[in-house]
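As a plain string of letters, each chain reads:
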Amino acid sequence: MKFVCSTLGRFPQSLAIAALLIAFTSVAHADPVIVTITNPNQAGIFGTTFSFNGTITNPNLLPFTFIEADVATVPVGGPFSAGLNPVEVVNLFLPGLSTSPNIPLFTLTIDPNFQPGTYHLTYTIVGLVGNSVISSIPASFTVTILGEAAAIPEPATLMLLATGLSGLGVIRKKII
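Residues numbered from 1 in each chain as written. Predicted model: local features only at pLDDT ≥ 70, side-chain atom pairs only at ≥ 80, totals over all residues. Heavy atoms only, no water.

Novice: Account for the packing of aromatic side chains, naming residues and giving values.
Specialist: This structure, assessed with the given rule, holds five aromatic pairs. Centroid distance F50 to F52: 6.4 Å. Interplanar angle 50 degrees. Geometry classified as tilted. Here F50 and F52 have matching classes, each one buried. A ring pair is formed by F52 and F141, whose centres lie 4.7 Å apart and whose planes are at 55 degrees; its orientation type is tilted. Note that F52 is positioned in strand β3 (residues 49-58) and F141 in strand β11 (residues 139-145), a separation of 89 residues in sequence. The class for F141 is buried, based on a relative accessible area of 2%. Taken together, the aromatic side chains of F50, F52, F106, Y123 and F141 make up a single cluster linked through ring pairs. (Phe/Tyr/Trp six-rings, centres within 6.5 Å; stacked < 30°, edge-to-face > 60°. Buried < 20%, exposed > 50% of the residue type's maximum accessible area, 1.4 Å probe, protein only. Helix = DSSP H or I, 4+ residues; strand = E, 2+ residues; numbered from the N terminus.)

Novice: Which residues make up a nonpolar patch on the surface, and what values do they have?
Specialist: Together, L158, L161, L165 and L168 make up a nonpolar patch on the protein surface, roughly 420 Å² of accessible area in all. By secondary structure assignment, the location of L165 is in helix α3 (residues 155-175). (Patch = residues over 30% accessible without salt bridge, like charges linked within 9 Å, V, L, I, M, F, W, Y side chains within 5 Å. Areas by Shrake-Rupley, 256 points an atom, 1.4 Å probe, with all protein chains shown as cover. Salt bridge = Lys/Arg side-chain N within 4 Å of Asp/Glu carboxyl O.)

Novice: Mind laying out the nonpolar core, listing which residues take part and the relevant values?
Specialist: The biggest cluster of nonpolar side chains holds 32 residues, and the ones touching the most others in it are F106, L108, Y123 and F141. Contributions of two or more residues to this core are made by β1 (34-37), β3, β4 (64-74), β8 (103-110), β9 (117-129) and β11. (Core = buried A, V, L, I, M, F, W, Y, C linked by side-chain atoms within 4.5 Å.)

Novice: So what about the side chain of S98? Which residues, and what values?
Specialist: Mapped onto the secondary structure, S98 falls in strand β7 (residues 98-99). Within the local environment of S98, its side chain forms a polar contact with the backbone oxygen of P95, the two atoms lying 2.6 Å apart. Residues within four places of S98 in sequence aside, it is in contact with I56, T57 and N58. (Polar contact = N/O pair within 3.5 Å; in protein donor to acceptor, adjacent residues only side chain to side chain. Contact = heavy atoms within 4.5 Å.)

Novice: Any chance you could break down the side chain of T55 for me, citing the residues and the numbers?
Specialist: Looking at the secondary structure, you find T55 in strand β3. Take T55: its relative accessible area is 17%, and that puts it in the buried class. When neighbours within four sequence positions are excluded, T55 is seen to be in contact with I34, V35, T36, T99, S100, P101 and N102.

Novice: Can you break down the pairing of β8 residue by residue, with the values?
Specialist: The pairing of β3 with β8 spans six bridges and is classified as antiparallel. Directly across from T49, in β8, lies its bridge partner T109. (Pairing = 2+ DSSP bridges.)

It is worth stressing that arrangement in space is one thing and function is another; only the former is reported here.
Okay, structure coming up:
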């Protein structure tokens, strides 16, 4: 009987230690940072370079240090070349529980050999919080590629055409 009581008496203590260990391992989990693009909808013609700005929020207690960035089209592939590493992002060190100022996040240039249309893309950053490598929640944005604008004749060109036609009309009247 004495053995049973001493074993049962130690069981709650072991259970409390296990619960404490589980609680501490869950604290080590890092939440994803949040990217907010302040100008998410842009449009332009082929060869246009778009500049996207935004803020990054670190909801963690520990600081966030930037590692890399990625732009992905939905579906995969697309008419863009991206400049993902402006100085403001590469040198990003964001204290815990803070938000960066509005900074340049990345640029996109439209490939001239691609079709006009609207493209939905995402921007994600990866960084280090404590010993955890974390990704941001993907930030959505839209780029619209406009077709080439049709050339509109200048007023001077139309005036020259009208003068030439009226001159032909005068010459024709004199001949007849």
